[in-house]
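Coordinates in review
The residues making up each chain are set out below.
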Amino acid sequence: GTKSEDFVELTERIGRKTGGISAYSFTSPLKEEEKPCAYIIVRGKATRDKFAEYCEIVEDIVKNVELNNKDRLKQMVFETIAGQEAAIVGRGHSYAMGRLGAQRGIANAASEQMGGISNYLAMKELAEKIESDWDSVLSDLQLLRQAVFKKEGMLVNLTADEATLTSIESQVDGFVSALPGAAPTDLAVQGSDLAWYTGEDSSLLLPKENELLLVPTQVNYVAKGTNLYTDTDYAPHGSSVVISKYLSTTWLWDRVRVVGGAYGGFCSFDNTSGMFSFMSYRDPNLTKTIDNYDGSTGFLKDLTLDEDELTKSIIATIGDIDSYQLPDSKGYTAFMRHLLKVSDEERQQRRDQILGTTLKDFKDFGEALESAMANNSQVCAVTSKDMASQATEEKKDLSFVSKQIL
């Protein structure tokens, strides 16, 4: 809540005056840069006649949020913990992949700290600290608010028709002007504090190891990752999007889902960082799934595709990247491209490479993936204690490290 409204009244006000307001952290690697892209994003919707009130609400939250409410914060922390526990058991593949990403890149490590297993453990510590040292928690919250909400480094993205943008220009200027220009002097970030951000300090990274995260579950979520840019000489190419999609819908679908019995088996490739990831969802197997991941490289290298099947794969990929978007999604996508420094020329080059994908691209990708997985790859699985014991025995070469999470 704020100094004038409790959280119920504020929530009702947001519902009456806007189409919703949300806030979340966003981190991502940047192409060929050590520094990650890292922002707090406040996102919302409002009609033209309600935009001024939308700005007032956001300004009110930023300036007048009531932080000295121990019971409310404790409730929020417990709600967060409960949601995370349900998510770890229900969609453990995303948490497992987050752990692997945090071993390789600062952006992914920061994201894991703010939304992964590390964050879950931190929330449990915070719940205890609220009871034992509330003054310290309150001080941290107040400092964080002053450090984050300022004009310095802020970006504003608006999506509307030209007439609306013109009519709300003064309201936007007023909103921005009302914010503090910079963080207070005593909160100025020192060079040493930014060492992780500039790539000079890798202590935020998780150690490279094969992890088994133990939770009460009857199924497994198995992830395996490697990096084609750092572990091989593979160069970014649009064909990788076609290949990843094809691998998910053929080999992994057949081996992990149809034969293996998992609810899902898929892969993804981050063209920015070079991280290639395998994941399974609600999987009865663990070590067999790892074997299927390893077998995917041979599948790609020995693949034969006729022209018709290759064309269908390319069309399906173009359909994904050209999917229909409403205006708000178009605006948000354009904003993300700006943050990630993706130019129209790069997008066109990627599109041309996708449309020009050949069978040789599949085989070259398979060679690079095989080399990367052999040189430097890790496994992380969310699993049960019994399955972890079995996997540790069956895959002694992986030297699994088991960690009790729930």
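Right, let's walk through the structure included here. A quick note: this is a predicted structure, and the numbers were derived from the prediction, not measured.

1. Comments concerning the overall build of the protein chain
Within the protein chain, the regular secondary structure consists of 17 helices and eight strands. The C-alpha radius of gyration computed for the protein chain amounts to 24 Å, which stays within 12% of the reference 22 Å derived for 406 residues, consistent with globular compactness. With the C-alpha coordinates aligned to their principal axes, the bounding extent of the protein chain is approximately 65 × 55 × 40 Å. Classification of the 406 residues of the protein chain by burial places 41% in the buried group. In the protein chain, of all internal contacts separated by at least 6 residues, the share reaching a separation of at least 24 is 80%. A total accessible area of about 21300 Å² is found for the protein chain, and carbon and sulfur atoms account for 51% of it. Computing the positive centroid from 43 side-chain charges and the negative centroid from 61, the protein chain places the two 3 Å apart.

2. Re helix 5 (residues 106-115)
Two residues of an α-helix separated by three or four positions point the same way, owing to the 3.6 residues in each turn. Within helix 5, the full set of buried residues consists of Ile-106, Ala-107, Ala-109, Ala-110 and Glu-112. Tucked inside the fold, the buried residues of helix 5 contact strand 1 (21-28), helix 4 (92-102) and helix 6 (117-132).

3. Notes on the nonpolar core
In this structure, Leu-228, Leu-247, Phe-276, Phe-278, Phe-362 and Phe-365 are the most contacted members of the largest nonpolar core, which totals 43 residues. Top contributing element to this core by residue count: helix 11 (residues 239-259), with eight residues. Non-local contacts of Phe-365, meaning those with residues more than four positions away in its chain, are made with Leu-228, Tyr-234, Ser-240, Ile-243, Phe-269, Phe-276 and Leu-300. Of all hydrophobic cores here, the second largest spans 28 residues; its members include Met-123, Trp-134, Met-279 and Cys-380.

4. Details of a nonpolar patch on the surface
A cluster of nonpolar side chains, Ile-40, Val-42, Leu-144 and Val-148, forms an exposed patch at the surface whose accessible area comes to about 320 Å². In this fold, Val-148 is placed in helix 7 (residues 134-148).

5. Quick look at the packing of helix 11 against helix 15 (residues 344-355)
Between helix 11 and helix 15, the least distance of the axes is 7 Å, while the angle of their chain directions is 50°. Comparing their axes, helix 15 and helix 11 come out oblique. For the pair helix 11 and helix 15, contact is made by Ser-239, Val-241 and Val-242 and by Arg-350, Gln-353 and Ile-354, respectively. Residue composition of the contact of helix 11 with helix 15, by class: three nonpolar, two polar and one charged.

6. Thoughts on the sheet that holds strand 5 (residues 264-269)
Taken in spatial order, the six strands line up as 5-6-4-7-3-8 in an open sheet, and their pairing is mixed. Where the open sheet ends on each side, the last strands, each with one partner, are strand 5 and strand 8 (401-404). Neighbouring strand axes in the sheet, compared pairwise and without regard to direction, differ in orientation by 15° on average. One ladder, built from four bridges, connects strand 3 (residues 211-214) with strand 8; its direction is parallel. By the bridge assignment for strand 8, Leu-213 is matched with Lys-403. Its contacts with the sheet place helix 16 (residues 359-375) against strand 4 (221-227), strand 5, strand 6 (275-281) and strand 7 (377-383), and it is angled at close to 100° to strand 4. On top of the sheet, helix 17 (residues 385-394) reaches strand 3, strand 7 and strand 8; it is set at about 160° to strand 3, its chief contact.

7. Re the packing of helix 4 against helix 5
In contact at an axis separation of 7 Å, helix 4 and helix 5 are set at 140° when each is read in the N-to-C sense. Judged on the interaxial angle alone, helix 5 and helix 4 are oblique. Of the two elements, helix 4 crosses helix 5, and the hand of that crossing is left-handed. Residue-level inspection shows Tyr-95, Gly-98, Arg-99, Gly-101 and Ala-102 of helix 4 in contact with helix 5, the latter providing Asn-108, Ala-109, Glu-112 and Gly-115. Its residues placed into classes, the contact of helix 4 with helix 5 shows three nonpolar, four polar and two charged.

8. Some points on the pattern of salt bridges
On inspection of all chains with the given rule, the structure shows 26 salt bridges. Across the pair Arg-48 and Asp-161 runs a salt bridge, and its minimum N-O distance is 4.0 Å. Taken as a pair, Arg-48 in the loop between strand 2 (37-44) and helix 2 (51-64) and Asp-161 in the loop between helix 7 and helix 8 (162-167) lie far apart in primary sequence, 113 residues in all. Judged by its relative accessible area of 44%, Arg-48 is partly exposed. By relative accessible area, Asp-161 is classed as partly exposed at 43%. Taken together, the shared-partner salt bridges in this structure form one network comprising Arg-99, Glu-112, Glu-209, Glu-211 and Lys-403.

Thresholds applied
Residues numbered from 1 in each chain as written. Predicted model: local features only at pLDDT ≥ 70, side-chain atom pairs only at ≥ 80, totals over all residues. Heavy atoms only, no water. Helix = DSSP H or I, 4+ residues; strand = E, 2+ residues; numbered from the N terminus. Rg over C-alpha atoms; globule rule 2.2 N^0.38 Å. Buried < 20%, exposed > 50% of the residue type's maximum accessible area, 1.4 Å probe, protein only. Contact = heavy atoms within 4.5 Å. Areas by Shrake-Rupley, 256 points an atom, 1.4 Å probe, with all protein chains shown as cover. Lys, Arg positive; Asp, Glu negative; His and termini not counted. Charge placed at Lys NZ, Arg CZ, Asp CG, Glu CD. Core = buried A, V, L, I, M, F, W, Y, C linked by side-chain atoms within 4.5 Å. Patch = residues over 30% accessible without salt bridge, like charges linked within 9 Å, V, L, I, M, F, W, Y side chains within 5 Å. Salt bridge = Lys/Arg side-chain N within 4 Å of Asp/Glu carboxyl O. Axes fitted to C-alpha atoms, helices over the stretch in contact; angles between N-to-C directions. Parallel < 35°, antiparallel > 145°, perpendicular 65-115°, else oblique. Nonpolar A, V, L, I, M, F, W, Y, C, P; charged D, E, K, R; others polar. Pairing = 2+ DSSP bridges. Left-handed = near helix turned anticlockwise from the far one by under 90°.

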